[in-house]
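# Residue-level structure breakdown
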Amino acid sequence: MDAERNKVAELQANHLALSRELATAKSQELNQRRELVHASDEIENLKKKHSREVMDLEMDIKKRDREIREVNEDLRICRSDLERERDTVSSLKNTVSHQSTSHLTLTTQNHALEAQSTALQSQIDIYARTVSDLTLKLETTQKQVDDLKKEAMESELIRRKLHNMVQELKGNIRVFCRVRPILPSDITTYSSALSVSYPDTRDRKEIVVASSSSSATGQERKEVYNFGFDRVFEPESTQAEVFEEISQLAQSCTDGYNVCIFAYGQTGSGKSFTMEGGTSSAGMIPRAVEQVFRVAEQMTSRGWEYKMEGQFLEIYNETINDLLGKGEFDKKKHEIKHDSKTGATRVTDVEVVQLSSPSQVRTLLALAQSRRSVAATLMNERSSRSHSVFTLRINGVNVGIDGCPGTGERCEGSLNLVDLAGSERLNVSFANGADKERVRETQNINKSLSALGDVIAALGEKGEKGGDKHIPYRNSKLTYLLQNSLSGNSKTLMVLNLSPLAAHLQESLTSLRFATKVNNTTIGTAKKQTRSS
């Protein structure tokens with residue numbers, strides 16, 4: 001044990017000695033590092049000093065080089081100036097030698113120019129006489145142009161009268177019938193198509209609907225219904241063909257007449273397609289607007305200027321909504337105002353847009369369509385449950401043509417394009433009667449359509465018997481809004497739309513009978529809305 005202790009003591013002593021040696025070595029190393037750092041600083045200072053000296057020498061060299069270049073440039077400039085002066089002296093010598101020759105040449109040219117001046121004066125005299133003759137001819141031609149312009153304006157008045165006479169001969173209230181084609185969705189939903197024929201292949205004014213049913217004894221009973229209208233369009237008819245028949249009404253609008261075109265028929269019969277069109281085929285509204293703009297542009301060459309404005313309203317549950325407004329529906333109370341002096345109709349607190357192009361109208365139609373009240377019915381999954389009325393007002397003034405004064409005559413026409421809500425019976429639209437709101441919609445629709453029929457009937461009776469027959473315009477918002485377009489001062493066209501399906505036979509017959517009643521009505525002669533300036 002003592003031996004182990006001695007070893008431990010010896011190890012501790014060795015360890016202590018090593019620690020001292022290590023400390024001494026570290027102290028020496030530290031001193032050496034300090035000396036090394038000091039030496040490095042001295043070396044760095046020497047390098048900086050040397051670098052400054054080198055830089056000063058380089059700057060001196062550059063300065064001397066710059067001075068040498070400046071001296072060389074000054075020398076070059078001096079040489080160049082000396083050479084230029086030599087050239088100038090030589091040029092002046094040459095100029096002096098040529099001046100005498102030039103003087104002789106100019107004297108000769110002066111004599112020649114005097115001779116030319118005399119000849120030119122003679123030509124000027126001849127030209128002056130020619131200009132005088134041409135001026136006289138121009139005045140004569142201008143007078144002829146003014147006479148032709150005046151004649152064109154007078155011809156325009158005659159054309160308007162003849163155009164209006166043609167429209168009156170066709171009837172101030174006309175009815176077209178259009179049968180839509182069978183759609184792929186009809187095939188999966190309905191079992192058979194309606195038996196329809198068109199016997200009048202020349203004038204296309206007749207439509208025949210046939211149906212068959214079983215009697216109580218089991219015998220088959222056939223019934224045939226004949227109807228005649230101003231024009232009947234088969235399912236294959238295009239939008240262009242339909243519009244071709246009514247395009248002249250746009251001319252009447254620019255001539256200062258009120259024009260009303262409305263689509264009638266049950267839900268799903270193609271009214272909205274006829275009036276507004278589809279994705280690839282424009283309807284009557286955009287086509288009529290384009291026609292009005294086209295006619296207005298053509299009339300500028302006859303001394304007329306036009307301004308147009310439009311509004312788009314919806315009548316839903318006897319409430320007027322502004323389809324171009326920014327507020328919520330049913331929040332504003334819009335009132336209908338009629339001006340008995342001018343025959344104009346205004347609706348309070350609605351957005352009236354100044355129109356400058358057909359493309360602007362197409363944008364407005366898209367906006368209005370997105371705001372239309374739509375709902376599901378048993379007849380059509382997304383059926384329009386409201387009447388829409390697009391009104392285009394056009395104001396024209398005769399200002400004359402290029403120096404030919406106009407008459408100052410003004411005309412104010414309006415074009416009402418109406419897409420009526422579906423005319424189906426209540427028990428067909430909602431067989432179970434569970435949806436009270438949809439039932440209320442259908443009741444209001446049928447009430448307004450019935451009021452429309454009453455107004456037309458009263459107008460017909462007034463036209464036949466004369467007198468102060470009361471016309472029930474106020475029985476619905478629709479008829480009151482269209483009062484000036486149905487009062488006899490308008491050219492009115494109803495486009496009856498029919499479904500081709502056998503399941504809709506009764507609805508189709510009801511629509512055909514109503515359209516026949518309208519077609520047999522005479523509402524009087526339309527009056528032109530004009531006034532002098």
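What you are looking at is a predicted structure, and each value in this text was computed from that prediction instead of being measured. (Residues numbered from 1 in each chain as written. Predicted model: local features only at pLDDT ≥ 70, side-chain atom pairs only at ≥ 80, totals over all residues. Heavy atoms only, no water.)

Another point: the overall build of the chain. Assigned secondary structure in the chain consists of 12 helices and 19 strands. Of the contacts made within the chain by residues no fewer than 6 positions apart, 73% connect residues no fewer than 24 positions apart. Within the structure as shown, the chain displays about 31800 Å² of accessible surface, and the carbon and sulfur contribution to it stands at 52%. (Helix = DSSP H or I, 4+ residues; strand = E, 2+ residues; numbered from the N terminus. Contact = heavy atoms within 4.5 Å. Areas by Shrake-Rupley, 256 points an atom, 1.4 Å probe, with all protein chains shown as cover.)

This part covers unusual backbone geometry. Glycine aside, the phi torsion of most residues is negative, and most peptide linkages are trans. Of note, Glu-318 is a non-glycine position whose phi angle comes to about 65°, a positive value. For Glu-318, the position within the fold is in the loop between β7 (304–316) and β8 (319–322). Positive phi, normally seen in glycine, also occurs at Asp-349, with a value near 60°. Secondary-structure assignment places Asp-349 in the loop between β10 (345–347) and β11 (353–355).

Angle between the axes and distance between the axes are the two parameters that describe a pair of packed helices. Running from amino to carboxyl end, helix α3 (residues 239–246) crosses helix α6 (residues 284–299) at an angle of 50°, the nearest separation of the two axes being 10 Å. Relative to α6, the element α3 lies oblique. The handedness of the crossing between α3 and α6 comes out as right-handed. Contact residues: α3 offers Gln-239, Ala-240, Val-242, Phe-243 and Ile-246, while α6 offers Met-284, Arg-287, Ala-288 and Gln-291. Residue composition of the contact of α3 with α6, grouped by class: 6 nonpolar, 2 polar and 1 charged. (Axes fitted to C-alpha atoms, helices over the stretch in contact; angles between N-to-C directions. Parallel < 35°, antiparallel > 145°, perpendicular 65-115°, else oblique. Left-handed = near helix turned anticlockwise from the far one by under 90°. Nonpolar A, V, L, I, M, F, W, Y, C, P; charged D, E, K, R; others polar.)

The biggest cluster of nonpolar side chains holds 48 residues, and the ones touching the most others in it are Ile-207, Phe-229 and Leu-512. Sort the elements by how many residues they give to this core and helix α9 (residues 436–465) lands first, with 7 residues. Sequence-distant contacts of Phe-229, defined by excluding residues within four places in its chain, comprise Val-175, Cys-177, Lys-205, Ile-207, Leu-496, Leu-512, Ala-515, Thr-516 and Asn-519. Counting 41 residues, the second-largest nonpolar core is a separate cluster that includes Phe-243, Leu-249, Ala-263 and Ile-285. (Core = buried A, V, L, I, M, F, W, Y, C linked by side-chain atoms within 4.5 Å. Buried < 20%, exposed > 50% of the residue type's maximum accessible area, 1.4 Å probe, protein only.)

Tallying each qualifying case throughout the model produces 12 salt bridges. Notably, a salt bridge pairs Arg-84 with Asp-81, separated by 2.3 Å at the nearest N-O pair. Residue Arg-84 and its partner Asp-81 are located together in helix α1 (residues 2–170), separated by 3 residues, close to a single helical turn. Here Arg-84 falls in the partly exposed class, since its relative accessible area comes to 44%. Assessed through its relative accessible area of 31%, Asp-81 is described here as partly exposed. With a shortest N-O distance of 3.4 Å, Arg-393 and Glu-309 are connected by a salt bridge. Taken together, the positions of Arg-393 in strand β14 (residues 387–398) and Glu-309 in strand β7 put the pair 84 residues apart, joining distant regions of the chain. The class for Arg-393 is buried, based on a relative accessible area of 7%. By sharing partners, the salt bridges in this structure join Glu-309, Arg-346 and Arg-393 into a single network. (Salt bridge = Lys/Arg side-chain N within 4 Å of Asp/Glu carboxyl O.)

Sites flagged by UniProt as "binding site: ATP" (unreviewed entry) map to Gly-265, Gln-266, Thr-267, Gly-268, Ser-269, Gly-270, Lys-271 and Ser-272. Structurally, Gly-265 can be placed in the loop between β6 (258–264) and α5 (271–276). With respect to the element layout, Ser-272 can be found in helix α5. (UniProt positions renumbered as here; feature names shortened; annotations may be inferred.)

To continue, consider the packing of aromatic side chains. Summed over all chains, the structure comprises 4 aromatic pairs. Aromatic pair Trp-304 and Tyr-306: ring centres 6.0 Å apart, planes at 20°, arrangement stacked. An identical accessibility class is assigned to Trp-304 and Tyr-306; each is buried. Ring geometry for Phe-312 and Phe-390: centres 5.4 Å apart, planes at 75°, overall edge-to-face. Placement of the pair is Phe-312 in strand β7 and Phe-390 in strand β14, with a sequence separation of 78 residues. A residue is classified by how much of its surface remains accessible, and Phe-312, at 2% relative accessible area, is buried. Over the aromatic face of Tyr-257 sits the side chain of Lys-491, whose NZ or CZ is 4.7 Å from the ring centroid. (Phe/Tyr/Trp six-rings, centres within 6.5 Å; stacked < 30°, edge-to-face > 60°. Lys NZ or Arg CZ within 6 Å of the ring centre and 35° of its normal.)

Bringing the packing of α6 against helix α7 (residues 358–371) into the picture now. As a packed pair, α6 and α7 sit with axes 9 Å apart at the nearest point and diverge in direction by 155°. Our classification of the angle between α6 and α7 gives roughly antiparallel. α6 and α7 meet at a crossing whose hand is right-handed. Within the contact between the two elements, α6 uses Ile-285, Pro-286, Val-289, Glu-290 and Phe-293 and α7 uses Pro-358, Val-361, Arg-362 and Leu-365. A breakdown of the residues in the contact of α6 with α7 according to their chemical character gives 7 nonpolar, no polar and 2 charged.

Along the chain, the position of Val-209 falls in strand β3 (residues 206–214). By relative accessible area, which is 2% here, Val-209 ends up buried. Leave out the neighbours within four places in its chain, and Val-209 touches Leu-194, Ser-195, Glu-223, Val-224, Tyr-225, Leu-505, Leu-509 and Leu-512.

Counting buried positions over the 11 residues of strand β17 (residues 409–419) gives 9, a clear majority of the element. The sheet contact formed by β14 and β17 spans 10 bridges and is antiparallel. The residue of β17 that forms the bridge with Phe-390 is Leu-417. (Pairing = 2+ DSSP bridges.)

A word on α7. Relative to the 20 Å expected for 14 residues at 1.5 Å per residue, α7 spans 20 Å between its end C-alpha atoms, a close match to the ideal helical length. Where α7 is buried, its residues contact α6, β7, β11 and β14. (Expected span 1.5 Å × (residues − 1).)

A few words now on the state of the cysteines. Scanning all chains against the criterion turns up 0 disulfides. This cysteine, Cys-253, is not joined by any disulfide, and Cys-411 carries the nearest cysteine sulfur, 8.8 Å off. Judged by its relative accessible area of 1%, Cys-253 falls in the buried class. (Disulfide = S-S within 2.5 Å.)

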